[in-house]
Amino acid sequence: ENCAMIFAAGRGLRMRPDTDVTPKPLLRLAGKPIIVWQIEALARAGFHNLVINTAWLGEQFPSMLGDGGDWNVSIRYSHEGSADADALETRGGIVHALPLLGDLPFLTVSGDIYTDFDYASLIPRLAAISRGDADAHFVLADNPPFHPDGDFAIRDGLATRQDPRLNYANIACWHPKLFRGLPGRAKQRLFPWADTFVADHRVTALHYRGTWENIGTAEQLEALEHRLSAKMRQ
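Residues numbered from 1 in each chain as written. Predicted model: local features only at pLDDT ≥ 70, side-chain atom pairs only at ≥ 80, totals over all residues. Heavy atoms only, no water.

1. So, the overall build of the protein
Looking only at helices and strands, the protein features seven helices and 13 strands. Across its three principal directions, the C-alpha atoms of the protein cover 45 × 35 × 30 Å. In the protein, which comprises 234 residues, the proportion classed as buried is 53%. Within the protein, residue pairs in contact and separated by at least 24 positions form 74% of the contacts whose partners lie at least 6 positions apart. About 10,600 Å² of surface is accessible on the protein, with carbon and sulfur atoms providing 51% of the total. Mean positive and mean negative side-chain charge positions of the protein (24 and 28 charges, respectively) differ by 2 Å. (Helix = DSSP H or I, 4+ residues; strand = E, 2+ residues; numbered from the N terminus. Buried < 20%, exposed > 50% of the residue type's maximum accessible area, 1.4 Å probe, protein only. Contact = heavy atoms within 4.5 Å. Areas by Shrake-Rupley, 256 points an atom, 1.4 Å probe, with all protein chains shown as cover. Lys, Arg positive; Asp, Glu negative; His and termini not counted. Charge placed at Lys NZ, Arg CZ, Asp CG, Glu CD.)

Laid out in structure tokens, this is it:
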């Protein structure tokens, strides 16, 4: 069964003081927690096995989301600790959660983005990784104003660090073998570590041109709230 991991362990410092009492993915957006938009989208796409990593105020996630039954998914939690300092970053979070993610390729997505991306489109990509056609797959989006230089370009369907570059959309597929044997309980980021696989032409990529927003500040959250509320009233 297709498995997805939602990153939710970050501190959200730029959204203080709200995040002093509520984890950023649990802040409300148009009537529901930001992370629930992701859970609903993943459920629609057939991802019913979800893993959520937590650290700062992590006890609030199972209290609010439970076991996922409200969305017809199974949610398991990878608790990295209770303090901000306990968070293991993205790669460290995956390594820590690996026993819950299983032996098949899996999807990762940030719990603090908003997008109408169709996650079902990644199921064939997961199958390709399972066959050995690639080691990973990145979803790229147009560069937001705060990140004009981007991260990766696409050449012949493969991710590359050449210019001009697009924004890494915090949506990716991975083979678990990439993370086996890495140090546990260690802060580790995905990049530049994953550049090795990009350089080896083992990472496919696609450019998503639809709605994608990184919710980094209270102002961004408020602006998105207004847009979504207006759209829902139509």
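2. Focus on the pattern of salt bridges
Applying the stated criterion across every chain, the model contains ten salt bridges. In this structure, the salt-bridge partner of Arg161 is Asp195, at a minimum N-O distance of 3.0 Å. With Arg161 in the loop between strand S10 (158–160) and strand S11 (167–174) and Asp195 in helix H6 (residues 195–199), this pair connects stretches of sequence that are 34 residues apart. For Asp195, a relative accessible area of 21% gives the class partly exposed. A salt bridge links Arg165 to Asp163; the nearest nitrogen and oxygen atoms lie 3.3 Å apart. Since its relative accessible area comes to 55%, Asp163 is described here as exposed. (Salt bridge = Lys/Arg side-chain N within 4 Å of Asp/Glu carboxyl O.)

3. Overview of the side chain of Asn53
In this fold, Asn53 is placed in strand S4 (residues 49–54). A residue is classified by how much of its surface remains accessible, and Asn53, at 2% relative accessible area, is buried. In this structure the side chain of Asn53 is engaged in a polar contact, spanning 2.8 Å, whose partner is the backbone nitrogen of Ala8. Apart from residues no more than four positions distant in its own chain, Asn53 is found in contact with Met5, Ile6, Phe7, Ala8, Ala9, Ser78, Glu80 and Gly93. (Polar contact = N/O pair within 3.5 Å; in protein donor to acceptor, adjacent residues only side chain to side chain.)

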